[in-house]
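Single-letter residue listing:
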Amino acid sequence: MSRIQKLSDQVTNMIAAGEVVERPMGVVKELVENSMDAGAKDIEIRITDGGLKSISVQDDGCGMDPADAVNSLGRHATSKIARADDLWNIRTMGFRGEALPSIASVSRLDLLTNDGSQGTEVKVEYGKITYAGPQAAPEGTLVTVESLFYRTPARLKHMKSPQSEAGAVIELAERFAFAREDIAFRLYSNDVLRLETTGGGDLMEVLYRVYGARMAESAVAAEFHDYDFACRALLVMPEFTRASRQDILICVNDRVVHSYKIQKALIRAYEPYHAPQRYPICVLKIKTDPRLVDVNVHPSKWEIRLSKEEQLTQLVENHVRRALAENFRLRGMPSFSAPEEAPKKAASAVPACGKESVRMQQTFDALPEMQEAAAVREKELPEREIFPQEEETAEEQPVIRGRKLPDLRVIGQFHADYILAEGKDGLYIIDQHAAQERMNYERLWKQFSAGGGAVQPLLVPLSLKLTPSRAAQAEGLKEYFRQIGLSIETPGDNTVVLQEVPVWMTDLDVEAALQELIDQYDPAHPTSRADLQKHAVATMACHSSIRFNRTLSLGEMEKVIEDLNACEQPYNCPHGRPTIIRITDEDLRKEFDRG
Ligand code: ADP
Ligand code: MG
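Since we're looking at a predicted model, the values are computed, not measured. (Residues numbered from 1 in each chain as written. Chains lettered and ligands numbered in written order. Predicted model: local features only at pLDDT ≥ 70, side-chain atom pairs only at ≥ 80, totals over all residues. Heavy atoms only, no water.)

A.B. asks: So what's going on with the pattern of salt bridges? Which residues, and what values?
C.D. replies: Within this structure, the stated rule accounts for 28 salt bridges. With a shortest N-O distance of 2.9 Å, lysine 123 and aspartate 110 are connected by a salt bridge. Remark: aspartate 110 occurs in strand 3 (residues 108–114) and lysine 123 occurs in strand 4 (residues 119–125); sequence separation between them is 13 residues. We classify lysine 123 as partly exposed; its relative accessible area is 35%. Linking aspartate 254 and lysine 287 is a salt bridge whose minimum nitrogen-to-oxygen distance equals 3.1 Å. Of the two residues, aspartate 254 is situated in the loop between strand 11 (248–252) and strand 12 (255–256) and lysine 287 in strand 13 (residues 282–288); the sequence distance between them amounts to 33 residues. Overall, the relative accessible area of 45% leaves lysine 287 in the partly exposed class. A cluster of three or more residues bridged by salt bridges with shared partners is formed by Asp42, Glu44, Arg46, Arg186 and Asp191. (Salt bridge = Lys/Arg side-chain N within 4 Å of Asp/Glu carboxyl O. Helix = DSSP H or I, 4+ residues; strand = E, 2+ residues; numbered from the N terminus. Buried < 20%, exposed > 50% of the residue type's maximum accessible area, 1.4 Å probe, protein only.)

So this is what it looks like as structure tokens:
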């Protein structure tokens, strides 16, 4: 007897649902994409209990007539493609015609729609239409999904807490907001408004809404293109970093996608500024001919296949790297690249009680002769009249000509930890320890890269004690250290022995650095060779020579700044902490004006 039989629609829909709508987030994704395809300009998402209780998506799109409203729930029913050829030229978010029936097969779904001439309602309970008929409705479509997975307990069991399901939905909404800055989005979770964008078409506004003012102020926009790809990017400067790749958002033709290769290109562009295992916050929106994009790779459509991907990653890496090099100067320096604009911005940000000083400032601005007079006064009446003994020191303090840093003049030292310096546009504070780490790191990295394997024997072999659990990982440790040019011996008595070190480590506190590297060794989370090497050199740099918290002479302070100036990337220590910060004149004025 034959045993193969054709599955019922209900069963195939449920199987499809397993792929398309794994969690509430997947349902929201499909419904919102339908709204986008319907030409909506305003989309409101509501979830209760993370979407497990209910999800609704309301749009102001084109709506459906009564026949389509019923048909939309049929399997493989779509208005978006008709012929096989269309698959290679997809301009809509959806095309598979399986989302609505899939969702309806595992929930109670209510579709209320109006195409501008009449309103229709269709109700479905776990795959069975229970009502279809006329119903008053605003123009557009409202889909409500309740009791999701209630009848599929195996799936329900895999749901996380309502909070984490809600988190996934909110994150999705943020991504949509970036993908379509021309659509107004609102997201309510348990009736609390969690995200709102205006749909004004301003990507920076979306960044502001999602990440807040500090990130938005730090971000710069970049645009670039070649024959095949047009790209727009918002790059948060590397003063802010993240521990995961979560905040790297990539859209291709308005679709948020996961692309390992494009992501990697962005990470590479940021790499010189980042500590190992830190990742950027950035948005990259790519437009290209839909024929270069194959979206039919996975039912949830997070993955795509892209022709000319190599060309695109090169384009992205080069331009993002250039944009960062041009724009990233110092922490807290949004005005650095556009000094003329700073006072305006700061003035408008002054709180109400600061009005007086704003007006005064304007008066000064309006009277250049007063400024001139002030300048002359300063020249003609140097400090020496009041502090004659200061004269010599004042003469001795040369301006250190900036290379990557601005021109700076050392003022003094604070708490034997920080160097204070004066620049054209503010007060600069240099963390001398972080600065030294940066310099050491770059010097060591050069030596390491040039290495060539030359080693120097130690007079006394270095022996380090291991914990028993570490000792059990001896083989892994050997390999770990081999990658950074260290050959260790593990004689089997819970120790690590080092007979020689690479030449570049000669002046370092190898013991302390090695101990730290052993402590950080984590076989469960192997890092790439490149990351490991960077990390090891950064750790070595940290243990190199004198700790720097001591009083420095003027000459020594100048030397620190000069050396920092000579660095490839003087702005952060290898662990990502800033080496230098600036307090602008504006900042100071604001502080004193608070009243
Ligand atoms: P697909 O989006 O792949 O076509 P769906 O099952 O998601 O498949 O939707 C089926 C059809 O229902 C769509 O092709 C569209 O014609 C219609 N539809 C779904 N949602 C909406 C909506 N919000 N507004 C207007 N039409 C919609
Ligand atoms: Mg769809």
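Further notes follow.
A.B. asks: Describe the packing of aromatic side chains, with residues and values.
C.D. replies: Scanning the entire structure with this criterion turns up eight aromatic pairs. Look at tyrosine 480 and tyrosine 521: their rings are 4.7 Å apart centre to centre, the planes differ by 55°, and that puts the pair in the tilted class. With tyrosine 480 in helix 17 (residues 474–482) and tyrosine 521 in the loop between helix 18 (510–520) and helix 19 (529–542), this pair connects stretches of sequence that are 41 residues apart. The exposure class of tyrosine 480 is buried, given its relative accessible area of 10%. Tyrosine 521 gets classed as buried once you look at its relative accessible area, which sits at 11%. Among the aromatic residues, ring-to-ring pairing joins Tyr441, Trp445, Phe448 and Trp504 into one connected group. Above the plane of the ring of tryptophan 302 lies lysine 29, whose end atom (NZ or CZ) is 4.7 Å from the centre. The ring of tyrosine 188 has arginine 46 sitting right over it, with the charged end atom 3.9 Å from the ring centre. (Phe/Tyr/Trp six-rings, centres within 6.5 Å; stacked < 30°, edge-to-face > 60°. Lys NZ or Arg CZ within 6 Å of the ring centre and 35° of its normal.)

A.B. asks: I'd love a proper account of the sheet that holds strand 3, names of residues and values included.
C.D. replies: Taken together, eight strands build an open sheet; the order of strands is 5-4-3-6-2-1-7-8 and the sheet is mixed. Each edge of the open sheet carries a strand with a single partner, namely strand 5 (128–134) and strand 8 (192–196). Each strand axis lies, on average, 10° off the axis of its neighbour in the sheet, ignoring direction. Here four bridges tie strand 7 (residues 184–189) to strand 8, and the two strands are oriented antiparallel to one another. Note on strand 8: the bridge partner recorded for arginine 186 is glutamate 196. (Pairing = 2+ DSSP bridges. Axes fitted to C-alpha atoms, helices over the stretch in contact; angles between N-to-C directions.)

A.B. asks: Provide a residue-level description of the pairing of strand 16 (residues 409–414), including the pertinent values.
C.D. replies: Sheet topology places strand 16 next to strand 17 (residues 418–423); five bridges connect them, and they run antiparallel. Note that in strand 17 the partner of valine 410 across the bridge is alanine 421. Linking two consecutive strands that pair antiparallel, namely strand 16 and strand 17, is a turn of three residues; a positive phi of about 55° is found at histidine 415 within it.

A.B. asks: Kindly report on the sheet that holds strand 12, identifying the contributing residues and their values.
C.D. replies: Hydrogen bonding along the main chain pairs the strands of a sheet, whether they run parallel or antiparallel. One open sheet holds the five strands; their spatial order is 9-10-13-11-12, and the pairing between them is mixed. Of all the strands in the sheet, the pair left with one neighbour each is strand 9 (219–225) and strand 12. Where strand 11 meets strand 13, five bridges bridge the pair, whose relative direction is parallel. For cysteine 251, the partnering residue across the bridge sits in strand 13 and is lysine 285.

A.B. asks: Account for helix 9 (residues 260–270), naming residues and giving values.
C.D. replies: Within the span of helix 9, buried status applies to Ile262, Gln263, Ala265, Leu266, Ile267, Ala269 and Tyr270. The elements touched by buried residues of helix 9 are strand 10 (229–236), strand 11, strand 13, strand 15 (305–306) and helix 10 (309–327). (Contact = heavy atoms within 4.5 Å.)

A.B. asks: Go over the site of ligand 1, please, and point to the residues and values.
C.D. replies: In the vicinity of ligand 1 there are 19 residues, among which Asn34, Thr78, Ser79, Lys80 and Gly97 approach most closely. Contact distances for ligand 1 include 2.5 Å between an oxygen atom and a side-chain N or O atom of threonine 78. One nitrogen or oxygen atom from the main chain of leucine 100 is found 3.0 Å from an oxygen atom belonging to ligand 1. For ligand 1, the accessible surface in isolation is 530 Å², of which the surrounding protein chains cover 93%. With three residues, helix 4 (residues 99–105) is the largest single contributor of residues to the shell around ligand 1. (Near = heavy atom within 4 Å. Polar contact = N/O pair within 3.5 Å; in protein donor to acceptor, adjacent residues only side chain to side chain. Areas by Shrake-Rupley, 256 points an atom, 1.4 Å probe, with all protein chains shown as cover.)

A.B. asks: Please set out the nonpolar core residue by residue, giving values where relevant.
C.D. replies: One broad trend across soluble globular proteins is that nonpolar side chains are buried collectively. By size, the foremost hydrophobic cluster in this structure holds 61 residues, and its most contacted members are Leu31, Val32, Ile43, Leu109 and Val145. No other element matches the 10 residues that helix 6 (residues 162–179) contributes to this core. What valine 145 contacts, discounting residues up to four positions off in sequence, is Val27, Leu31, Lys53, Ser54, Ile55, Ile103, Ser107, Arg108 and Leu109. (Core = buried A, V, L, I, M, F, W, Y, C linked by side-chain atoms within 4.5 Å.)

A.B. asks: Residue-level account of the environment of arginine 214, with values.
C.D. replies: Within the fold, arginine 214 resides in helix 8 (residues 213–218). The spatial distance from the C-alpha of arginine 214 to the C-alpha of phenylalanine 240 is 9.5 Å, given a sequence separation of 26 residues.

So far we have only geometry, and geometry alone does not tell us how the molecule works.
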